[in-house]
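Below are the chains, spelled out letter by letter.
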Amino acid sequence: MMHELATVAPYFVMPIGCETFVSSLDHVALVPHEAPGPVVAVTTGDEMRRVVAGERALPPADVAGARAAFERFATTWGVDLKSLDAGRALALMSSGYAPQRIGDAALDEDGDMLLLQWGVYDWGEGPSFEYGLTRQLVCQHDADDDAIWQLGLTLHYRPSPSVAAVGRGNRWCGTPLELVEFQRFALTAPATSAVVGVTPKRVALRFEISG
């Protein structure tokens, strides 16, 4: 019942000693900063109940399956990744970070980190303002110790004077314990404000290994 009520209006569910829950990705940006975090979006009341009970709302995944797990999460929300705006991209990536654990990632060794980065870049096809969210993973069982997997969601915008004035920058989230501050920073960052609600010219999802 609480989930259904939260769905029809921008209501937030704040159980004592637990995350703040929203029932719409669009509600993440509306949660006041003083609310206990992190902010987690749930699609059903049962998901909310399981997290409050100390269980995870999403089944664990492994590094190799990180892209498929993220795409399933997006599908659950009815999200078309090709038509995301910055606000929903941030909500989708950040609210799935804590509940979706990657079992073979070396979390204590910076092996499961979240990165927000932005700026105007030109990779040979003309300048573009990029607003990107990346989940960076290091597999504990990878034969190559230097191998870094990156699941990146990048929104490309035309470099208008307003977005170009934002400059370049980034912000890391090292563990789920840092997600509260990461979300608060990202939701109020000038880069987010410059493009939120604006339709990007292109959205790219990539999953690749580097290092």
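Residues numbered from 1 in each chain as written. Predicted model: local features only at pLDDT ≥ 70, side-chain atom pairs only at ≥ 80, totals over all residues. Heavy atoms only, no water.

Some remarks on the packing of helix H4 (residues 86-97) against helix H6 (residues 179-188)
To keep it simple, the criterion reads: Only the stretch in contact is used when fitting a helix axis, every axis being a line fitted to C-alpha atoms; angles between N-to-C directions are given from 0 to 180 degrees. Helix numbering and strand numbering both begin at the N terminus, where a helix is a DSSP run of H or I of at least 4 residues and a strand a DSSP run of E of at least 2. Orientation is classified from the angle alone, with under 35 degrees giving roughly parallel, over 145 giving roughly antiparallel, 65 to 115 giving roughly perpendicular, and any other angle giving oblique. Every residue pair with non-hydrogen atoms within 4.5 Å of one another is taken to be in contact.
It is at 11 Å that the axes of H4 and H6 come closest, and there the two elements cross at 175 degrees. Here H4 lies roughly antiparallel to H6, going by the angle between them. Along its contact with H4, which presents Leu-90, Ser-94, Ser-95 and Tyr-97, the element H6 presents Leu-179, Phe-182, Gln-183, Ala-186 and Leu-187.

Describing the pattern of salt bridges
Note the threshold: Whenever a carboxyl oxygen of Asp or Glu lies within 4 Å of a side-chain nitrogen of Lys or Arg, that contact is scored as a salt bridge. A 1.4 Å probe rolled over the protein chains alone gives each residue an accessible area, and that area as a share of the maximum for its type sets the label: buried under 20%, exposed over 50%, partly exposed in between.
Overall, the coordinates contain six salt bridges when judged by the stated rule. In this structure, Arg-135 and Asp-112 form a salt bridge, with 2.8 Å as the shortest nitrogen-oxygen distance. In this pair, Arg-135 is assigned in strand E4 (residues 127-137) and Asp-112 in strand E3 (residues 112-122), connecting sequence segments 23 residues apart. Neither Arg-135 nor Asp-112 differs from the other in exposure class; each is buried. Between Glu-208 and Arg-206 there is a salt bridge, and its shortest N-O distance comes to 3.2 Å. One salt-bridge network, held together by shared partners, links Arg-101, Asp-112 and Arg-135.

Section: the layout of surface pockets
Spelled out, the test is: Computed over the protein atoms alone on a 1 Å grid, cavities are sets of points where a 1.4 Å probe fits but cannot get out and pockets are open sets with protein on both sides within 12 Å along at least five of seven lines; a residue lines them when it has an atom within 4 Å of a point. Grid points are joined across faces, edges and corners, and a volume is the space filled by probe spheres set on the points. Only Asp, Glu, Lys and Arg are considered charged, only Ala, Val, Leu, Ile, Met, Phe, Trp, Tyr, Cys and Pro nonpolar, and every remaining residue, Gly among them, polar.
Empty space within the largest pocket amounts to approximately 250 Å³. Looking at the largest pocket, it is lined by 15 residues, and the ones nearest its centre are Gln-117, Trp-123, Glu-130, Thr-154 and Arg-206. For the lining of the largest pocket, the elements supplying multiple residues, two or more each, are E3, E4, strand E5 (148-157) and strand E7 (202-210). For the lining of the largest pocket, the class distribution of residues is six nonpolar, six polar and three charged.

Structural notes on helix H3 (residues 66-76)
Convention followed: Taking the helix axis as origin, the arc is that swept by the directions to the C-beta atoms.
For H3, the set of buried residues is Ala-66, Ala-69, Phe-70, Phe-73 and Ala-74. All buried residues of H3 lie within an arc of 140 degrees about the axis, which places them on one face of the element. In H3, those exposed residues whose orientation departs by more than 90 degrees from the buried face are Arg-72 and Thr-75. Just downstream of H3, Gly-78 is the residue with a positive phi angle, here 70 degrees.

Side note on the sheet that holds E3
Threshold: The pairing criterion is simple: DSSP has to find at least two bridges between the two strands.
One open sheet holds the five strands; their spatial order is E6-E3-E4-E5-E7, and the pairing between them is antiparallel. Both edges of this open sheet fall to strand E6 (169-173) and E7, since each of them pairs with a single strand only. Strand-to-strand twist in this sheet, taken as the mean axis angle between neighbours without regard to direction, amounts to 15 degrees. By the bridge criterion, nine bridges tie E4 to E5 in an arrangement that is antiparallel.

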